[in-house]
Amino acid sequence: FDNIGYYLFYVAVPNRQQQLLELLTSIQTQLLERMATPGPETKRQKVGVGSDKLEEDAPKNSLKEYKVQDLMQMYYGRLFPHQHMYKWLAYGNDGKHTQADASFFQRREFCFTLDGDIFARYKSFKDGNELREAIKQTTPAKIDIGPVYTCNPQERLKFGAAFQPVERELVFDIDLTDYDDVRTCGKDGHICNRCWPFMAVAVKIIDAGLRQDFGFQNILWVYSGRRGIHCWVCDPSARKLTDEQRSSIASYFAVYKGHENDRVKVALGSAGQMHPAVHRAVDMLQEVWEQSILPQQRLLEDEVKREGMLKYVDDEEADNIRKAWAREPAASRGRKGGDLDVNVRRWHILKAEVEKKRLKTATRVLHEIMAAHAYPRLDMEVSKKMNHLLKAPFCVHPKTGRVCIPLHPEQAFDFDPDAVPTIYELLEQLPASSSEADKGEEWRSTRLADSVDLFQDLFLSGCSTASRQELAARAKAAASRPDMGF
């Protein structure tokens, strides 16, 4: 509060409102920086975490003695791919093209979550190097990315109502906690290979819809580091969508409608008139329903889940199915000696009973059951607003220590959340000295290299091509405008 005297002066003197706003912004920034910088008595300062002292004094096999947060500074200082992130979020405006907007990246909002759940919003940076230094200095527990605004977010108070978001990727967030009513392997923050198929089929369904129905191409899928997935749609047309348009696209995928009358409600359309996108999604669900979801979640071995599934059929059908299930042996998980898993056998019994009397509605009932359990459950609010924050790729989750790495949508079922690189593993893989250090690419010496290469090859290269095309289109439009300088 060194500036408190100036604050009182501005309050006392009329016509100083603008200077007061600027001063308050400066004070806020200083306070956040002081809160983020460890004092001399903190444990982090004592052990020298993130400094050369830690690397000298702490053998690599003792890194697990430290908390995840204590190792963040070393990770963000040596392994975080800052330049890749900068190249992505600059969208071609980092070069010398005549139509490049030099202010573009600096108008992007970043939010740092500091120790104690302190949110430092509206941070901005000139380039990737400045971003790197800020992250290394403040060591945030989480980094969120926001929209591009009309002006530098740190100067927003100068502009009042004119400070508005103008561009932002279309984003989606899917969390396994929203499947706690149907999964049997765990709940809350739990994730494993048994429940991962819920996420994998969500990737397949949403990705197909975005590409085939909306024509988007530059799509990035990221594992959230704990229990979910994020999707970034980065085509120029997607980034310029209004809030209303974003809400409409999110609603397009909102087949899951929550719960009603003790069962999940799904909007499949009227009988015989299922939307082609929903039909495509149901076909994808059918492929994995018997192969993965039923046997791995053991849905028909769990009495509560069995009874929940029977709520989609009438009472007579439900009684007949229960009797048939009671005659089936409960043993046999998996395929031993050619035997079907008990959950799959019981599903076949349910299916046969439903198809016995229903001529036109049997297929719809079966589709409704599958969609109720496994259709993607979006966090709608994340997608609707341009100014909604979303965690940056390659962050480290503060609770699990896992890195938020990209995943290939066509290989979603092969992704193993238990095999995701952790901060401990990556720091142990760092060599004592590396030729990549001067280039800021020490990640090449670790398993993170596979994820950065995937980010580059699968996503960033296509994004760069689209950015070049966008800049070329701007140049062509500028050249076609008449010169009024006569």
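Residues numbered from 1 in each chain as written. Predicted model: local features only at pLDDT ≥ 70, side-chain atom pairs only at ≥ 80, totals over all residues. Heavy atoms only, no water.

A. Representation of the pairing of strand β7 (residues 228-233) within the structure. Burial of β7 is extensive: six of the six residues sit out of reach of the surface. Across the two faces of β7 the burial is the same, with Gly228, His230 and Trp232 and Ile229, Cys231 and Val233 all buried. Here strand β5 (residues 170-175) pairs with β7 via six bridges, running antiparallel. Residue pairing across strands places Phe172 opposite Cys231, the latter belonging to β7. Pairing analysis gives five bridges linking strand β6 (residues 219-223) to β7, with the strands arranged antiparallel. By the bridge assignment for β7, Val222 is matched with His230. (Buried < 20%, exposed > 50% of the residue type's maximum accessible area, 1.4 Å probe, protein only. Helix = DSSP H or I, 4+ residues; strand = E, 2+ residues; numbered from the N terminus. Pairing = 2+ DSSP bridges.)

B. Quick peek at unusual backbone geometry. Here Asp117, not a glycine, exhibits a phi torsion of approximately 55°, which is positive. As for its placement among the helices and strands, Asp117 is situated in the loop between β1 (108-114) and β2 (118-123). The backbone of Asp262 sits at a positive phi, close to 65°, despite the residue not being glycine. Mapped onto the elements, Asp262 comes out in the loop between β8 (256-260) and β9 (263-266).

C. Summary view of the nonpolar core. With 133 residues, the main nonpolar core has Tyr75, Trp88, Leu210, Trp347, Leu350 and Leu448 as its most contacted residues. The greatest single-element share of this core, amounting to eleven residues, is contributed by helix α8 (residues 196-213). Setting aside chain neighbours within four positions, we find Trp347 in contact with Trp289, Glu290, Leu294, Leu300, Met309, Leu366, Ile369 and Met370. (Core = buried A, V, L, I, M, F, W, Y, C linked by side-chain atoms within 4.5 Å. Contact = heavy atoms within 4.5 Å.)

D. Up close: the pattern of salt bridges. According to the stated counting rule, one finds 28 salt bridges in the structure shown. Across the pair Asp180 and Arg183 runs a salt bridge whose closest N-O atoms are separated by 2.8 Å. We classify Asp180 as partly exposed; its relative accessible area is 24%. Between Glu470 and Arg474 there is a salt bridge whose closest N-O contact spans 3.8 Å. Note that Glu470 and Arg474 are positioned in helix α18 (residues 448-480) at a spacing of four residues, about one turn of the helix. Residue Arg474 is classed as partly exposed on the basis of its relative accessible area, which comes to 28%. A single network of salt bridges, built from pairs that share partners, joins Glu167, Arg239, Lys240, Glu470 and Arg474. (Salt bridge = Lys/Arg side-chain N within 4 Å of Asp/Glu carboxyl O.)

E. The arrangement of the packing of aromatic side chains in detail. A full pass over the atoms with the stated rule returns 25 aromatic pairs. Judged by centre distance (4.7 Å) and plane angle (85°), the rings of Tyr86 and Phe105 are edge-to-face. With a gap of 19 residues between them, Tyr86 in helix α6 (residues 82-90) and Phe105 in the loop between α6 and β1 connect regions that are remote in the sequence. Judged on exposure class, the residue Tyr86 and its partner Phe105 are both buried. Seen in terms of ring centroids, Phe105 and Phe110 are 5.9 Å apart; in terms of plane orientation they differ by 55°. Their pairing is tilted. Sitting over the face of the ring of Tyr122, Arg121 holds its NZ or CZ atom 4.7 Å from the ring centroid. The ring centre of Tyr179 lies 5.1 Å from the NZ or CZ of Arg377, which sits over that ring. (Phe/Tyr/Trp six-rings, centres within 6.5 Å; stacked < 30°, edge-to-face > 60°. Lys NZ or Arg CZ within 6 Å of the ring centre and 35° of its normal.)

F. Up close: the environment of Leu427. Residue placement: Leu427 occurs in helix α17 (residues 423-429). Taking the C-alpha atoms as reference points, Leu427 and Tyr75, separated by 352 residues in sequence, lie 7.1 Å from one another.

G. Looking closely at helix α10 (residues 243-252). Arg246, Ile249 and Ala250 are the residues of α10 that are buried. For α10, the buried positions fall inside an angular range of 100° around the axis, keeping them on one side. For α10, the secondary structure elements touched by its buried residues are β5, α9 (236-239) and α16 (380-384). (Arc of directions from axis to C-beta.)

H. Structural context of the sheet that holds β7. The three strands lie next to each other as β5-β7-β6, forming an open sheet whose pairing is antiparallel. Each edge of the sheet is formed by a strand with only one pairing partner; in this case those strands are β5 and β6. For this sheet, the mean angle separating the axes of adjacent strands, direction not counted, is 15°. (Axes fitted to C-alpha atoms, helices over the stretch in contact; angles between N-to-C directions.)

I. Just the layout of surface pockets, in detail. By volume, the largest pocket amounts to about 630 Å³. Contributing to the lining of the largest pocket are 26 residues, with Lys142, Arg227, Lys391, His397 and Pro398 lying nearest its centre. When residues in the lining of the largest pocket are grouped by element, the largest group, three residues, is from β5. For the lining of the largest pocket, a count of residues per class yields seven nonpolar, eight polar and eleven charged. Lining the second largest pocket are 16 residues, and of these Ile405, Pro406, Phe415, Ser451 and Leu454 sit closest to its centre. When grouped by side-chain class, the residues that make up the lining of the second largest pocket number nine nonpolar, three polar and four charged. (1 Å grid on protein atoms, 1.4 Å probe; cavity = no way out; pocket = protein on both sides within 12 Å on 5 of 7 lines; lining within 4 Å. Points joined across faces, edges and corners; volume = space filled by probe spheres on them. Nonpolar A, V, L, I, M, F, W, Y, C, P; charged D, E, K, R; others polar.)

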